[in-house]
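Now for the letters of each chain:
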Amino acid sequence: MINRLKKCVSYCQSYAKAKLAHNALLALLCLSAPPLFADEVLVAVASNFIKPMKVIAERFEAETGHQAKLAFGSSGKLLAQITHGAPFDVFLSADKDKVTRIIDKGLAVKGSEFIYAKGRLVLWSAKSDAVESTESTEALRGVLEQGDFDYFAMANPKLAPYGAAAKSVLARLELTDSLKDKVVMGENIAQTFQFVQTGNAALGFVALSQIKDLDESEQGSHWLIPTDCYPAIEQYAVILKTASDNPAASALTEFLNSDSEKKLIRSFGYD
Amino acid sequence: MTLTSADYGALWLTFKVASLTTLILLFISTPLAWWLATTRSKWKPFCSALIAVPLVLPPIVLGFYLLVLMGPEGPVGKVTTALGFGTLPFTFAGLVVASCIYSLPFVVQPLQNAFESIGRRPLEVAATLRASRLDSFFSVVVPMAKSGFLTGGILGFAHTVGEFGVVLMIGGNIPDKTRLVSVQLYNHVEALDYAQAHSLAAILLAFSFLVLLLMYTVIKTPARIRV
């Protein structure tokens, strides 16, 4: 009988202990959880902005407690997915045109669009002595006109905003015809970058942000094209209709627009 | 149907690359498949696996490594440059070489299967009739493996036509030189010219259906299984 009682007591004790642990765990969970009413925002990000956006998303989560999930792709593919019902909340395009199209189709919140980054075009070679950084466009002309190379890489102007910028630089320097037989085109700026990095193309127009990302030993030589040589590469962001009442979506666009993040974006090679 | 001259150029170029690749592959694959079908070498599994690798590797990845290998800094690129051919990426020849690697398993494997299914017996009979090895290969093996050649040829051709990732990586999108129909189609889609993309896709779809229909019509295997 006494044994039985003992058993019963020990059972009660262990039950109480378990309950205590349970409560403690619950309290701990509540403490470590993000602020109340945390929401999730699914962001469609143009490929050229992958690296900065990963950093920004982490900072955003730490600061606001909202969750930011990222999906990457070329702006064109993301646009096609959005028009066919992809569940994105915010779209970071690589240009203005695709954002305008989405607004025109009534799929985005009108007036929520803004420029989150401006791309900078550079003439780049993987070799350290191929391009000299000077102020004059004549020097650039000289390097390209000399034509001491087999291939010259740029992004396809029809598909990539950096390609369109490269095309207008060539047109401005009146080099379009003389370089015609040497031009190879990447379908996006990442592929163009690969052509030059692997040495298959001696020179190419790429994005400054891509070179900034390299180790110093791999940076080769580049020349920052003056901004008045090409139409600005303005990258637009917009909130999609489906997220018009998602507080995390507007929080993210506000965060992107804040001074601290603008500074961060500049450090990645954007204006 | 609103096809531009660039679309027709891409179609014609694709046809040229695919035909040339198929011819080259039939030449390379015949001895290779014969060796695989007859050898007892311990290297056989190794070689079979190596040939099948393009089946597994995502084409973009394969294309990227070909770009690195055949570029001026890569080992293959250094050899081709030393031989005076220059580097292969962004050239028609480069596309054919890459397509051969990409489509190799599609030609080797049907051939190997066809050779293996012949068995030893017909060759032994040919030998008793004093046929030399070469003679018995051409007058016994080749006719008996006809369906293998047809399947391999058609599959190699069709697979090369549908090739995308490799071409995208090493082609460089040069009109009439390396811009094949799959890349042209992709350009239309990315540029949001959907109408143009649909026309080209329709042609590609009709073509592939016809090729497969041809394959299954020509290769009339007698019904061996009766239920």
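Here the residue numbers are simple positions, counted from 1 along each chain's written sequence. The lettering of chains begins at A and the numbering of ligands begins at 1, in the order of writing. Per-residue local features are limited, in this predicted model, to residues with pLDDT of at least 70; the limit for side-chain atom pairs, both in listing and counting, is 80 or more; totals at the level of whole chains, interfaces and linings are taken over all residues. No hydrogens and no water enter the side-chain calculation; it runs on all heavy atoms of the structure.

Q: Looking at this structure, I do not really get the pattern of salt bridges. What am I missing?
A: Two side chains carrying opposite charge are able to pair once their charged atoms lie near each other. Each salt bridge in this description consists of a side-chain nitrogen of Lys or Arg and a carboxyl oxygen of Asp or Glu lying within 4 Å of one another. Overall, the coordinates contain nine salt bridges over all chains when judged by the stated rule. When the shortest N-O distance is used, the salt bridge between A:Lys77 and B:Glu190 registers 3.9 Å. Here B:Glu190 lies in helix H10 (residues 181-190) and A:Lys77 lies in helix H3 (residues 75-83), a pairing that spans two chains. When a residue's accessible area, from a 1.4 Å probe over protein chains only, is under 20% of the maximum for its type it is buried; when over 50% it is exposed; and in between it is partly exposed. Overall, B:Glu190 belongs to the buried group, its relative accessible area being 6%. A:Asp95 is the salt-bridge partner of A:Lys98, the closest N and O atoms lying 3.1 Å from each other. Comparing A:Lys98 with A:Asp95 shows no difference in burial state: the two are buried. Put simply, DSSP marks the helices as runs of H or I at least four residues long and the strands as runs of E at least two long, and each gets a number from the N terminus on.

Q: Which parts of the structure should I look at to understand the interface of chain B and chain A?
A: Interface size is often expressed as the accessible area that is lost when the parts come together. Residue-level contacts link 21 residues of chain B with 22 residues of chain A. Accessible area that two parts lose when put together, evaluated with a 1.4 Å probe and summed over both, is termed the buried area. Between chain B and chain A lies a buried interface of about 1900 Å² when both sides are counted; carbon and sulfur atoms form 59% of it. Considering only the surface of chain B that becomes buried against chain A, B:Phe90, B:Glu190 and B:Leu192 emerge as the three largest contributors, covering 32% of it. For the pair chain B and chain A, the interface holds one salt bridge. Broken down by element, the side of chain B that touches chain A gets its largest block of residues, four residues, from helix H3 (residues 59-70) of chain B. Under this grouping Gly is polar, as are all residues other than the nonpolar Ala, Val, Leu, Ile, Met, Phe, Trp, Tyr, Cys and Pro and the charged Asp, Glu, Lys and Arg. Of the residues assigned to the side of chain B that touches chain A, the class counts are 14 nonpolar, five polar and two charged. By definition in these notes, contact holds between two residues if any of their heavy atoms fall within 4.5 Å.

Q: Would you explain the UniProt feature "transmembrane region" (unreviewed entry) in chain B in this entry?
A: Residues and elements named next belong to chain B. Per the UniProt record, the feature "transmembrane region" (unreviewed entry) sits at residues 12-37, 49-70, 90-111 and 194-219. In residues 12-37, the share of helix is 100% and the share of strand is 0%. The end C-alpha atoms are 36 Å apart. The span residues 194-219 is 96% helix and 0% strand, and its two end C-alpha atoms sit 37 Å from each other. UniProt positions are given in the numbering used here, feature names are shortened, and annotations may be inferred rather than shown by experiment.

Q: Before we go on, may I ask you to explain unusual backbone geometry in this structure?
A: With the exception of glycine, the majority of residues adopt a negative phi angle, and the majority of peptide bonds are in the trans configuration. The phi torsion at B:Phe90 lies on the positive side, around 70°, for a residue other than glycine. Position of B:Phe90 relative to the elements: it lies in the loop between helix H4 (75-82) and helix H5 (92-118).

Q: Hey, could you run me through the sheet that holds strand S3 (residues 90-92) of chain A in this one?
A: Residues and elements named next belong to chain A. Pairing between strands is defined by DSSP: at least two bridges between the two strands are required. Taken in spatial order, the five strands of this open sheet run S2-S1-S3-S10-S4, and their pairing is mixed. Bordering the open sheet on either side are strand S2 (67-73) and strand S4 (114-119), each of which pairs with just one other strand. Strand-to-strand twist of the sheet, defined as the mean angle between neighbouring strand axes without regard to direction, takes the value 20°. Axis lines are fitted through C-alpha atoms, for helices just across the contact stretch, and the angle between N-to-C directions can take any value from 0 to 180 degrees.

Q: What is the right way to read the side chain of A:Ser112 from this model?
A: All names here are of chain A. Within the fold, serine 112 resides in the loop between helix H4 (97-104) and S4. From its side chain, serine 112 meets the backbone nitrogen of isoleucine 239 in a polar contact 3.1 Å long. When sequence neighbours within four positions are dropped, the list of residues in contact with serine 112 reads Ala237, Val238 and Ile239. Here a polar contact is taken to be a pair of N or O atoms separated by no more than 3.5 Å, where protein atoms must pair a possible hydrogen donor with a possible acceptor and residues adjacent in sequence count only if both atoms sit in side chains.

Q: I'm lost on the side chain of A:Ser221 in this one. Help?
A: Within the fold, A:Ser221 resides in strand S9 (residues 221-224). When near neighbours in sequence (up to four residues on either side) are disregarded, A:Ser221 contacts A:Leu123, A:Trp124, A:Ser125, A:Lys127, A:Ser128, A:Asp129, A:Ala130 and A:Val131.

Q: How should I be thinking about the UniProt feature "binding site: molybdate" (unreviewed entry) in chain A in this particular structure?
A: All names here are of chain A. The UniProt entry lists Ser75 and Ile189 under the feature "binding site: molybdate" (unreviewed entry), expressed in the numbering used here. Taking the farthest pair of C-alpha atoms as the criterion, the annotated set spanning 115 residues converges on one region, since that pair is 11.9 Å apart. From this annotated list, the subset lining the largest pocket comprises Ser75 and Ile189. Along the chain, serine 75 falls in helix H3. With a relative accessible area of 7%, serine 75 lands in the buried category. In contact with serine 75, not counting residues within four places along its chain, are Ala46, Phe91, Ser93, Ala94 and Lys98. With respect to the helices, strands and loops of the structure, isoleucine 189 is situated in helix H7 (residues 189-197). As defined here, a cavity is a set of points on a 1 Å grid over the protein atoms alone where a 1.4 Å probe fits but cannot get out. A pocket is an open set with protein on both sides within 12 Å along at least five of seven lines, and residues line them when an atom is within 4 Å of a point.

Q: In this structure, what is going on with the packing of aromatic side chains? I would like to understand it.
A: The way to describe two aromatic rings as a pair is by their centre distance and the angle between their planes. Ring geometry is summarised as follows: Phe, Tyr and Trp rings, the Trp one being its six-membered ring, pair when their centres sit within 6.5 Å, and such pairs are stacked at plane angles under 30 degrees, edge-to-face over 60 and tilted between the two. Taken as a whole and judged by the stated rule, the model has 19 aromatic pairs over all chains. On the basis of an interplanar angle of 5° and a centroid distance of 4.8 Å, the ring pair of A:Trp124 and A:Phe193 is categorised as stacked. Residue A:Trp124 is located in strand S5 (residues 121-125), and its partner A:Phe193 is located in helix H7; the two are separated by 69 residues in the primary sequence. An aromatic cluster of at least three residues, connected via ring pairs, comprises B:Trp34, B:Phe115, B:Phe137, B:Phe138 and B:Phe149.

Q: Please clarify how the pairing of strand S7 (residues 183-186) of chain A should be interpreted in this entry.
A: Side chains on a regular strand alternate between the two faces of the sheet. All names here are of chain A. The side-chain alternation of S7 yields two buried faces, one formed by Val183 and Met185 and the other by Val184 and Gly186. Where strand S6 (residues 152-155) lies against S7, four bridges are found, and the strand directions are parallel. Paired with methionine 154 across the strands is methionine 185, a residue of S7. Call a crossover right-handed when, viewed with both strands pointing away from you, the route from the first strand across the helix to the second goes clockwise. On the question of chirality, the crossover connecting S6 to the parallel S7 by way of helix H6 (residues 161-172) is right-handed.

Q: Even after reading the chapter, I still don't get the nonpolar core, so can you show me in this structure?
A: Soluble, globular proteins show a tendency: their nonpolar side chains are buried together. The nonpolar core is taken to be a set of buried Ala, Val, Leu, Ile, Met, Phe, Trp, Tyr and Cys residues, with the residues joined through side-chain atoms within 4.5 Å. The biggest cluster of nonpolar side chains holds 55 residues, and the ones touching the most others in it are A:Phe49, A:Leu92, A:Leu123, A:Leu144, A:Phe152 and A:Ile225. The element best represented in this core is helix H9 (residues 247-256) of chain A, accounting for six residues. Residue ranges assigned to the domains are those given by an automatic or database domain assignment. A domain split of this core shows at least three residues from each of domain 1 (40-118 + 233-267) and domain 2 (121-224) of chain A. Residues within four places of A:Leu123 in sequence aside, it is in contact with A:Val131, A:Leu140, A:Leu144, A:Phe152, A:Leu203, A:Gly204, A:Phe205, A:Ser221, A:His222, A:Trp223 and A:Ile225. Within the second largest apolar cluster, 33 residues are counted, among which are B:Leu13, B:Leu66, B:Leu67 and B:Leu88.

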